[in-house]
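Fold and geometry: a report
So the chains spell out like this:
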Amino acid sequence: MANDVKPTRKNLMAIEDRIELSERGHGTLEKKRDGLIMEFMDILDKAQDVRGDLAQDYEDAQKKINMARAMEGDVAVRGAASALQEHPEITTESKNIMGVVVPQIESSRVSKSLDQRGYGIMGTSARIDEAAEAYEDLLESIILAAEVETAMKKMLREIETTKRRVNALEFKLLPELYENQEYIEQKLEEQEREETFRLKKIKEKKEAEEKAEREAERAAEEAALEDAQPETAAQSPAANQ
Amino acid sequence: MSQEIAVVGSPEFTTGFRLAGVRRFENVPDDEKDERLDDAATAALEDEGVGIVVMHDDDLEYLSRSVRQEVETSVEPVVVTIGSGTGGGGLRDQIKRAIGIDLMDEDEQE
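Calculation notes
Residues numbered from 1 in each chain as written. Chains lettered and ligands numbered in written order. Predicted model: local features only at pLDDT ≥ 70, side-chain atom pairs only at ≥ 80, totals over all residues. Heavy atoms only, no water. Helix = DSSP H or I, 4+ residues; strand = E, 2+ residues; numbered from the N terminus. Buried < 20%, exposed > 50% of the residue type's maximum accessible area, 1.4 Å probe, protein only. Contact = heavy atoms within 4.5 Å. Arc of directions from axis to C-beta. Lys, Arg positive; Asp, Glu negative; His and termini not counted. Salt bridge = Lys/Arg side-chain N within 4 Å of Asp/Glu carboxyl O. Polar contact = N/O pair within 3.5 Å; in protein donor to acceptor, adjacent residues only side chain to side chain. Phe/Tyr/Trp six-rings, centres within 6.5 Å; stacked < 30°, edge-to-face > 60°. 1 Å grid on protein atoms, 1.4 Å probe; cavity = no way out; pocket = protein on both sides within 12 Å on 5 of 7 lines; lining within 4 Å. Points joined across faces, edges and corners; volume = space filled by probe spheres on them. Nonpolar A, V, L, I, M, F, W, Y, C, P; charged D, E, K, R; others polar. Core = buried A, V, L, I, M, F, W, Y, C linked by side-chain atoms within 4.5 Å.

The next point concerns the overall build of chain A. Across its full length, chain A holds three helices and two strands. Helices and strands appear in chain A in the N-to-C order α-α-β-β-α. Evaluated residue by residue, chain A yields a buried proportion of 32% over its 241 residues. Across chain A, contacts joining residues at least 24 apart in sequence account for 78% of those joining residues at least 6 apart.

Residues and elements named next belong to chain A. Along helix α2 (residues 74-82), the residues that are buried comprise Val77, Ala80 and Ala81. Taken end-on, α2 shows its buried residues confined to a sector of 100 degrees, consistent with a single buried face. Counted as exposed and oriented over 90 degrees from the buried face of α2: Val75 and Ser82.

Next up on the list: the side chain of Asp57 of chain B. Tracing the chain through its elements places Asp57 of chain B in the loop between β3 (50-56) and α3 (65-73). Within the buried core, Asp57 of chain B has no salt-bridge partner, and the shortest N-O distance to an opposite charge, that of Arg51 of chain A, equals 5.2 Å. Among the polar contacts listed, one links the side chain of Asp57 of chain B to the side chain of Thr81 of chain B, at a separation of 3.0 Å.

We describe a pair of aromatic rings using the distance from one ring centre to the other and the angle between the two ring planes. Overall, the coordinates contain three aromatic pairs over all chains when judged by the stated rule. Through pairs of rings, three or more aromatic residues link up here, namely Tyr58 and Tyr135 of chain A together with Phe13 and Phe17 of chain B.

On to the layout of surface pockets. Over the atoms, a rolled probe matching the size of one water molecule traces out where space is still vacant. When its volume is computed, the largest pocket comes out at roughly 310 Å³. At the level of secondary structure, the elements contributing two or more residues to the lining of the largest pocket comprise β1 (89-97), β2 (100-108) and α3 (126-240) of chain A together with β3 of chain B. Taken together, the residues of the lining of the largest pocket break down into 11 nonpolar, five polar and five charged.

This part takes up the nonpolar core. Of all hydrophobic cores here, the largest spans 56 residues; its most connected members are Phe40 and Ile142 of chain A together with Phe17, Ile52 and Ile82 of chain B. Of the residues forming this core, the biggest block, 17 residues, is contributed by α3 of chain A. Apart from residues no more than four positions distant in its own chain, Phe40 of chain A is found in contact with Met152, Met155, Leu156 and Ile159 of chain A together with Ile95, Ile99 and Leu103 of chain B. The next biggest cluster of nonpolar side chains, apart from the first, holds 16 residues, and it includes Val8, Leu37, Met55 and Val67 of chain B.

In structure tokens:
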């Protein structure tokens, strides 16, 4: 609030420095926000494609497992699922996009050959193999979707934070600083006007005093002259005689 | 550090993923989802060995508000939902909030 600030030149200079810094920060943050939004748009396009593929892969996988269930029975499918030896693993590396650390997910042992799966070939049918293969493809899509969606979530958080900072500077901090600056400038101007007025008054008073003094002196001189004149007038007739 | 994929949902949903080798799964039968799905999702989210959690879109309806919000915004592990919807319902709201426009809607209209 403007009323909390002391109207001094020192405070005015400090506020001007803060305004300069805040304006520079506001500009930089705006650029960052715009840059992040542009990067986000690229990721969003990618995410839409990945989502489309994911939906397709899920549909295929469901069809195949339903077929396997229908042909082999649910127990056989569950039995095969319990026999799996190799488990898919993921490792995460990070990439930096405009200060936002986004993951790059590497997967291993997702797609497996028939002998790597672990269930016996004799006891199961090609339907189960097809379903397993479809689900392996689905897992690949899920890993890709996870990578893209994590990047999106992280970027959205950063965009939100940056946007909030930009708004705080634009609508809260900077208007307050401008208000304070104006308040101090007005107060200082007022003080300056008061000072000029006071000086003017002092000068007038001094001049009036000097004038009065001069007039008193003049009056005293005149009185002295008047006192001296009768004496000379009294002396002059005697001299004429 | 290598992590694994976890699947949370009904036994019908998880079986397929187990067939692809996923060994971390939480089976919650349909009639127990109201009571148990919250705990199952929380357990998967809190497991440090899990990098990705897979859930069905429809199952999000069974989650309590706080767990659902956690599921939708979690980054480590990230939750991928698949199924009937387009996915990323929470993400859509987040986009609307952060960017100010419903970009997903715009893309769908195109």
